[in-house]
4 protein chains.
Amino acid sequence: MPGNVFGQEFRITTFGESHGAAIGVVVDGVTPGTQIDTGFIRHEMERRRPGQSAVSTARQEEDTVEILSGVFEGKATGTPLAMVIRNRDAHSRSYDDVKDLFRPGHADYAYQQKYGVRDYRGGGRSSGRETAARVAAGAIAKMMLSGRDISIVAYVRRAAGIECETIDFNEIENNIVRAADPVAAEKMIARIMELKAAGNSAGGVVECVIRNVPAGLGEPAFDKLDADLAKAMLSLGAVKGIEFGDGFAAADLTGQENNDEIAASGFLSNHAGGVTGGISTGQEIIFRLAVKPTPSISLPQKTVDIAGNEVECRTVGRHDPFIGARIVPVVEAMAAIVLVDHLKRQAALRA
Amino acid sequence: MPGNVFGQEFRITTFGESHGAAIGVVVDGVTPGTQIDTGFIRHEMERRRPGQSAVSTARQEEDTVEILSGVFEGKATGTPLAMVIRNRDAHSRSYDDVKDLFRPGHADYAYQQKYGVRDYRGGGRSSGRETAARVAAGAIAKMMLSGRDISIVAYVRRAAGIECETIDFNEIENNIVRAADPVAAEKMIARIMELKAAGNSAGGVVECVIRNVPAGLGEPAFDKLDADLAKAMLSLGAVKGIEFGDGFAAADLTGQENNDEIAASGFLSNHAGGVTGGISTGQEIIFRLAVKPTPSISLPQKTVDIAGNEVECRTVGRHDPFIGARIVPVVEAMAAIVLVDHLKRQAALRA
Amino acid sequence: MPGNVFGQEFRITTFGESHGAAIGVVVDGVTPGTQIDTGFIRHEMERRRPGQSAVSTARQEEDTVEILSGVFEGKATGTPLAMVIRNRDAHSRSYDDVKDLFRPGHADYAYQQKYGVRDYRGGGRSSGRETAARVAAGAIAKMMLSGRDISIVAYVRRAAGIECETIDFNEIENNIVRAADPVAAEKMIARIMELKAAGNSAGGVVECVIRNVPAGLGEPAFDKLDADLAKAMLSLGAVKGIEFGDGFAAADLTGQENNDEIAASGFLSNHAGGVTGGISTGQEIIFRLAVKPTPSISLPQKTVDIAGNEVECRTVGRHDPFIGARIVPVVEAMAAIVLVDHLKRQAALRA
Amino acid sequence: MPGNVFGQEFRITTFGESHGAAIGVVVDGVTPGTQIDTGFIRHEMERRRPGQSAVSTARQEEDTVEILSGVFEGKATGTPLAMVIRNRDAHSRSYDDVKDLFRPGHADYAYQQKYGVRDYRGGGRSSGRETAARVAAGAIAKMMLSGRDISIVAYVRRAAGIECETIDFNEIENNIVRAADPVAAEKMIARIMELKAAGNSAGGVVECVIRNVPAGLGEPAFDKLDADLAKAMLSLGAVKGIEFGDGFAAADLTGQENNDEIAASGFLSNHAGGVTGGISTGQEIIFRLAVKPTPSISLPQKTVDIAGNEVECRTVGRHDPFIGARIVPVVEAMAAIVLVDHLKRQAALRA
């Protein structure tokens, strides 16, 4: 099966290339009657939009979402809700000199091997631009969650080697790296700007915290809630790892240290990150993502062209020196999509 | 959709509880004509079998696999290959005193919330025993890969806080923790035995290395090869995190450091772990898993019973002080299943 | 994707060959808490069992269903419910003389072309024996429907050219052809016995009537309720056609004649057969199936062997001179499976 | 799972309402490198287009297809190919007087019961307009088949009670009812025009013949080729029945009459319609569809409004007095989609 459909009962199908006519998404399984607030969709798109700050690409896209179907008189009808986002500021010409070579760190080589042909302009389908469609779909998912008091917050916990020392969710949208610590944010920005000036880029760690998820979501043995969240997050090109709760640190704990004891008032700790046996416990769901440094850098690198000749590559398009800040709304979107899907699946199981 | 089916073109459906009549799996999509070697299935089951060593549970199960269908005259017919493993050494009586309470670190509470009823004996469906069915299916997958020269090796890289300092794949099956370093293995075993004696348990890190995977496997945007591997691995109850290539360490690298340059002879490094844009590059695929310490410990812990009363819990069944050694063949099995699935999906795409 | 999984939220995976060790099914998505009545399963199996009457095959199978998982203390746990039926009375030796040739009307040739190998004994996977697993799964589905007052009745409406002239559901289980008209039943039996004596076989028409289905089931645009029922029924090897409501007769009606008018008391007619736009209307769902004459006959027929040589074929195994009577419980089972699936899907949509 | 995705390895997702902004489709699994001929897409759209003749609706839509993604330099890239068709000639005002009532024979009532809300304009999602997206996707499928010599031809075999007496495929596109017999076509047209003048409508039978399909397509036990074709065809709102080969007539045959004998030169007859055991035999695949008379008629009919009051309904929009002629390209499109899907699935099975 080709891989452009995600989810079961709430299911999205995305399409589009970075420099094609448009990208978009068909959202299937929207609960009929859901209020669709186009202002909220715009707000979410704005958070992911390129050109939003000095640490993001200079590409200017308004990312206006046109709804083609599935909404009538302001409400979802339960039929597929299709959204299209036109590509406006596509400088495809910039890619003429990389069209025959494989940029290091990019998917160019892998795409060529897989498909035998490729739309090289801006990475084509492998571009992070594809995630705009996910954010639009995620906005729909968030509207579906709005009556349930579930909150999903992602933020940059670490960037360019600098870690947040305090965590204040109210600070996240106040700085251009979306860090939860304003002091760390300044240091991150300074370091990223240095790297940018040098034609280089930075990586980081994004954390996501989800509150008020009811206990009981997740479908063992395979579609465990954490397994589906892991798939959702690893389907983002920049993400190279995920850990729930204590994650890799749990590897060095003993059972006594790692087990979450329970009192009449609830769990006494949350080493597990809100999921046991693949099912939500009602605690906070917490996971962290390893975000690799943007592969697009303007420093010279060794590579080969399509004929196998060794060449020097120097990426000249407009790119993000740090993608972490823009990935934050994408992570939230994917988390919302997974949650809505599993809420519906649990409803089906118990029906 | 309920969650007991995994894969697309190569698809497994598992069933069974720890202390029910049997566990098993239906494997659909076996290439017709595949030679089915029951000795190899037995060999793989033996590697996962409980009671195999001092660092594993004392439960004795021969884990004999009976093939019910899909094989004729020693060859797969292409129809569903069903395998059943009877539960023999089930001491369900041991669980009478935990049947009304939620063991910390286990899925007991989450299962009760999700299903409203549960088979409490040995954890029921949430037990690691379910993975025996995956190993049986994985053995079929490995046989399907046998003509392709693909090798899949998993091993314990870290246990109870001790890391392998050398990596020698030939050592893995020579020690009961399945570490790739015999010196570290002895230290790991000593530390685990100490914890076991104290009624406690240990966690660790398992690494998996896959060689000779052709470039081009993986189905963007969502069914990326790493996304599907992540889902497969996070669907194991003990796994709390996964990272590919440099993983979380990549978060602190710059683009220049992290990008894998290419020469005429091939890639010059492998920070990516063999996957870019969700598609295999032909390099080694490398990932690491955070394995939590076994939640079943005999030390007293606080919990509540089904009525909400606070009680002391002390697990008395037979359990693994360290599950890492036994998870190794399960990780290989799931990796093999994902690879076979994606090989077939790629064949379909190009057909 | 291989084709041995059916359904979405209620999903069955079947396996097994006619003369292998066993056939069986894994039922996923059973509502936790459902009472599982093994006596009812036995009753349903008995209705499909071979050897039940003079118009069915002489093969004797008790078709005892062993439940391997998913049931605890008499209730479904919500985890996969696996059932196995051993093949006892398999005379595989009878098939030695047909192993290298393609029986006319059978799937032998098609299987050989598709898989390149085949288990020729009794038709292997293509045998109607596979439907025993469906009946077992259907019994579970019927138990899930039991609190809903939905009734599903199938019966033989026409056999060997003889049509029921009266329809009395109470008569169906009173005659061995499962006709709804006792007078027609006698004629049908007489004609079938004549054909049997001549080494020949008969076809017929099975009708299915489903009452008290709530309005609103079915998932346009593709998973319409009638589309999913059609797929379910055409997945039975003997079924060559399906029609809903007036069906092919509607082709000759005008819109005025065919439209079902509505009054305050409800619909005034049911030309549509209870489904419009692919969604149930709350009326009776009615469909009819064309059941072909059993291909296994003992009259000589022309065919070729695997080497392409022309040979005479005369099937000597034990076969049904008329399969319609035994297909009745299978049709009901598949209908129940589709309905449970769509009830759950509708619950998910509205959640 | 919501029902707007069809197919496995070749998978389409459709969206759109009759009087919304647009309808469209995302086609996933297009073989990379496939030549995309926009002229051919236009040609196929033209065959389904409303307003094409006196026996079709007067609604004027150019049905221009815009490709948004998945094509680069005239070739498919293997990534999702999205197509959008704008609704231009939507007279939504015409529907103001039916917005609160349920038109007999339409899906209005069922949609209201299912979703609780509905876009009443022109039937919304239940409109036959949805099939324009299928024709666009089918055009892609046909291009993928073009190198294989497979031909798919559908035509009107019966309309308004008049049957073709000769079958000449070359005549199909020469008459506005798409009948294969020019003499019968004239009678059909005359009868349909009479019904149209009376504010009434006609039904008919469409036959589809597929040649040069390789033996071996179809995935038992459930995804049999005929089962998947049946689902595809019954997912068309106007289709109330399907039969393969001799179909319902086979119910009255004996096994001896119905079995297709085989000689060295191939099958000696084709009662089965090209499929046995759910797998193609390499013979012609033949099936017939019962097409109901268009429910939209201007004669007065009894119905109720949303409050349950009895009212008289008289549909005034622009409608097809006979939908059979326009369904012909839709049937071909769905058949092509099923075939491409199964060709890819067979490639995966054997890989």
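Higher on the page you've got the structure.
To keep things clear, this report deals only with the structure shown in the data block. (Residues numbered from 1 in each chain as written. Chains lettered and ligands numbered in written order. Predicted model: local features only at pLDDT ≥ 70, side-chain atom pairs only at ≥ 80, totals over all residues. Heavy atoms only, no water.)

### Focus: the overall build of chain A
If you tally the helices and strands in chain A, you get seven helices and 18 strands. By the compact-globule yardstick of 20 Å for 351 residues, chain A fits well, its C-alpha radius of gyration being 21 Å. Principal-axis analysis of the C-alpha atoms gives chain A an extent of 65 × 50 × 40 Å. A total of 351 residues make up chain A; the buried ones form 69% of that total. A separation threshold of at least 6 residues defines the contact pool for chain A, and within that pool the share at least 24 residues apart is 71%. Per element, the accessible surface of chain A, about 10,400 Å² overall, is 47% carbon and sulfur. For chain A, the distance from the average position of its 39 positive side-chain charges to the average position of its 45 negative side-chain charges is 5 Å. (Helix = DSSP H or I, 4+ residues; strand = E, 2+ residues; numbered from the N terminus. Rg over C-alpha atoms; globule rule 2.2 N^0.38 Å. Buried < 20%, exposed > 50% of the residue type's maximum accessible area, 1.4 Å probe, protein only. Contact = heavy atoms within 4.5 Å. Areas by Shrake-Rupley, 256 points an atom, 1.4 Å probe, with all protein chains shown as cover. Lys, Arg positive; Asp, Glu negative; His and termini not counted. Charge placed at Lys NZ, Arg CZ, Asp CG, Glu CD.)

### Side note on the environment of G16 of chain A
With respect to the helices, strands and loops of the structure, G16 of chain A is situated in strand β2 (residues 11–16). Note: C-alpha distance between G16 of chain A and S235 of chain A (219 residues apart in sequence) is 16 Å. If we skip the residues at most four places from it in the chain, G16 of chain A touches A22, I23 and R125 of chain A together with S69 of chain D.

### Side note on the relation of the copies chain A and chain B
A rotation about an axis combined with a shift along that same axis relates the two copies of the chain. Laying chain A over chain B is done by rotating through 180° and shifting 0.0 Å along the axis; what remains is an RMSD of 0.0 Å. When the rotation and shift are considered jointly, the pair of chain copies conforms to a two-fold rotation axis. Taken as a fraction of all interface residues of chain A, those also at the interface in chain B reach 100%, which identifies the copy contact as same-surface. (Least-squares fit on C-alpha atoms with pLDDT ≥ 70 in both.)

### What to know about the pattern of salt bridges
Here the idea is simple: oppositely charged side chains can pair when their charged atoms come close. Considering all chains together, one arrives at 127 salt bridges over all chains under this definition. The shortest N-O distance in the salt bridge between R47 of chain C and E44 of chain C comes to 3.4 Å. Of the two residues, R47 of chain C and E44 of chain C are both situated in helix α1 (residues 38–48); the distance of three residues between them amounts to about one turn of the helix. Where E207 of chain D meets R288 of chain D, a salt bridge forms, and the shortest distance between an N and an O atom there is 2.9 Å. Of this pair, E207 of chain D sits in strand β10 (residues 204–211) while R288 of chain D is found in strand β16 (residues 285–291), placing the two residues 81 residues apart along the sequence. The two residues E207 of chain D and R288 of chain D agree in class, both being buried. A single salt-bridge network, built from bridges that share partners, covers R157, R158, E163, E207, E243 and R288 of chain A together with D252 of chain B. (Salt bridge = Lys/Arg side-chain N within 4 Å of Asp/Glu carboxyl O.)

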